[in-house]
Structures are given as C-alpha cells and as structure tokens.
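Breakdown of the fold
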Amino acid sequence: MTARWRVPAGLHVAAAELPVEGELPSFDGATGWLNSPPLTPAGLRGQVVLVGFWTYTCVNWLRQLPYLRAWAGKYSGHGLVVIGVHTPEFPFEHDAGNVRRATRELGIDYPVATDNNYGVWLAFDNHYWPALYFADAQGRIRHHHFGEGEYGQSEMVIQQLLAEAGPG
C-alpha cells in the first residue's frame, strides 16, 4: 500500500530530483545517547533519517521542535527515524542532567545523541543551530536546511525520500 500525504498548500506536487550531498556521517563522536542505544549509519540503512542539531536554550530550535516532534510521530511508522544531536553552545549545556531534563520536559521521545565534544558536529561539518540533514534509505544525505522555516519544503523532502524508499 502506498502512503498518501496531503501536500502543504502552495507547494508543487511534482518532486524534483534531490541531489546526493554525501554519505550519512558516523555518530561515533557522540558522548552519550538518550531514548535509544547508540545508532549507526549501517544500522539505519533502509530507513529515511532526519538528523537535527540543537541545543536546548536555542530559541530558533525551540520554534522548530514542534515540527520535529510532529514528523517523528506522523512518519515513524512509514520508515522515518528522527535523531536529535544535542551539541552544547554554553558550558551549562554540557551537563548531561540538564540535557536529560530538557529532553523529558520538552517531550522529545526520539533518539538523542549528546555531542559534548563536537565529534558528531565535526563529522557533519555543521556550523549552525538548528540544522537539519535528510538522508535517504541508502544512507546518502539528500537535503539540508539551516535555521528556522521552510517546514513545508522539509516535510515534502521527507515524503519524497519515504516514497523513494518504498514500502517499509
């Protein structure tokens, strides 16, 4: 059965071919994991992956969070895995207890890699909070977005990658 989703208003139904931007980097640099055992690109093959870089005091990310939670809830049964990478900006954000508490209080139930040493940040060559990276079922980065906004486009990318992956 093919999943059908309503297309956000004002966006084109026809999907453009998304370029391949590189391979999904390793999460080996993570200093810990919340809500999940450690994840690997090889273990995620066959699933569409959305990696979101964040820090719990970033107002821009806080405005993005409802979309991430909604996508995780709406598409996880169709083959999407949302992974948060908490990379601290300020010294108090390195505290694992603070991150664990913020994750619980903000209702984040998808996997979260803690990245206190910026190992995952560097593996992705990331420079921004928030930042989203979209990987296809073959483990290739196919789209990215830095900052807030473009939520309709991001959801269409998720839908396109899920459609390319086929029934999961």
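Here, every reference points to the structure presented above.
Residues numbered from 1 in each chain as written. Predicted model: local features only at pLDDT ≥ 70, side-chain atom pairs only at ≥ 80, totals over all residues. Heavy atoms only, no water.

The next point concerns the sheet that holds strand β1 (residues 22-23). Strand order across the open sheet formed by seven strands is β1-β7-β6-β3-β4-β5-β2, with mixed pairing between neighbours. Strand pairing shows two members of the sheet lacking a second neighbour, β1 and β2 (32-34), which therefore form its edges. Note: strand β3 (residues 48-54) against strand β6 (residues 131-135), five bridges, orientation antiparallel. Bridging across to β6, Val49 finds its partner in Ala135. Packing against the sheet, helix α3 (residues 96-105) makes contact with β2, β3, β4 (80-86) and β5 (112-114), and its axis sits at approximately 20° to β2. (Pairing = 2+ DSSP bridges. Helix = DSSP H or I, 4+ residues; strand = E, 2+ residues; numbered from the N terminus. Contact = heavy atoms within 4.5 Å. Axes fitted to C-alpha atoms, helices over the stretch in contact; angles between N-to-C directions.)

A few words on the pattern of salt bridges. Under the counting rule described, the total for this entry stands at seven salt bridges. The shortest N-O distance in the salt bridge between Glu148 and Arg63 comes to 2.8 Å. Taken together, the residues span a long stretch of sequence, with Glu148 in the loop between β7 (140-146) and α5 (151-165) and Arg63 in helix α2 (residues 59-75) at a distance of 85 residues. Using a relative accessible area of 29% as the deciding quantity, one classes Glu148 as partly exposed. (Salt bridge = Lys/Arg side-chain N within 4 Å of Asp/Glu carboxyl O. Buried < 20%, exposed > 50% of the residue type's maximum accessible area, 1.4 Å probe, protein only.)

Let us look at the pairing of β6. Of all five residues making up β6, five are buried, and the element is well covered by its neighbours. Burial along β6 is two-sided: the face carrying Ala131, Tyr133 and Ala135 and the face carrying Leu132 and Phe134 are both buried. Sheet analysis places β6 next to β7, joined by five bridges and oriented antiparallel. Considered in β7, the bridge of Phe134 is made with His143. The turn joining β6 and β7, which pair antiparallel and follow one another in sequence, is formed by four residues; a positive phi near 80° is taken by Gly139.

What follows is about α2. The terminal C-alpha atoms of α2 lie 25 Å apart, and with 17 residues this matches the ideal 24 Å at 1.5 Å per residue to within 8%. Bending of α2 peaks at approximately 35° at the position of Leu65, with proline Pro66 no more than four residues after it. Along α2, the residues classified as buried are Trp61, Gln64, Leu65, Leu68, Trp71, Ala72 and Tyr75. Where α2 is buried, its residues contact β3, β4, β6 and α5. (Expected span 1.5 Å × (residues − 1). Bend = angle between axes of the 7 residues up to and from the residue.)

As a further point, take the side chain of Asp115. Along the chain, Asp115 falls in the loop between β5 and α4 (119-123). Here Asp115 sits buried without a salt bridge, and the closest side chain of opposite charge, Arg100, lies 15 Å off (N-O distance). At 2.9 Å, the side chain of Asp115 forms a polar contact with the backbone nitrogen of Val120. Residue contacts for Asp115: discarding those within four places in its chain leaves Gly29, Thr31, Phe53, Val85, His86, Thr87, Pro88, Val120 and Trp121. (Lys, Arg positive; Asp, Glu negative; His and termini not counted. Polar contact = N/O pair within 3.5 Å; in protein donor to acceptor, adjacent residues only side chain to side chain.)

Residues that lie three or four places apart on an α-helix share one face, since the helix turns once every 3.6 residues. Over its 15 residues, α5 extends 21 Å from the first C-alpha to the last, a length consistent with the 21 Å expected when each residue adds 1.5 Å. For α5, every residue scored as buried is listed here: Tyr151, Ser154, Glu155, Met156, Val157, Ile158, Gln159, Gln160, Leu161 and Leu162. The secondary structure elements touched by the buried residues of α5 are β3, α2, β4, β6 and β7. Two residues or fewer past α5, Gly166 is found with a positive phi of approximately 80°.

Right, let's talk about the nonpolar core for a bit. Of all hydrophobic cores here, the largest spans 27 residues; its most connected members are Leu50, Trp61, Trp71, Leu80, Tyr110 and Ile158. Every element with two or more residues in this core is listed here: β3, α2, β4, α3, β6 and α5. If you look at the next biggest cluster of nonpolar residues, it comprises 20 residues, including Phe27, Ala113, Trp121 and Ala135. (Core = buried A, V, L, I, M, F, W, Y, C linked by side-chain atoms within 4.5 Å.)

What follows covers the pairing of β4. Judged by how many residues are buried, β4 sits mostly within the fold: seven of seven residues are covered. With burial as the criterion, each face of β4 is covered, one bearing Leu80, Val82, Gly84 and His86 and the other bearing Val81, Ile83 and Val85. Of the pairings in the sheet, the one linking β3 to β4 comprises seven bridges and is parallel in character. Counted as the bridge partner of Val48 is Leu80 from β4. In this structure, β4 lies alongside β5, joined through three bridges in parallel fashion. Bridge pairing in β5 links His86 to Thr114.

Geometry only, nothing functional implied.
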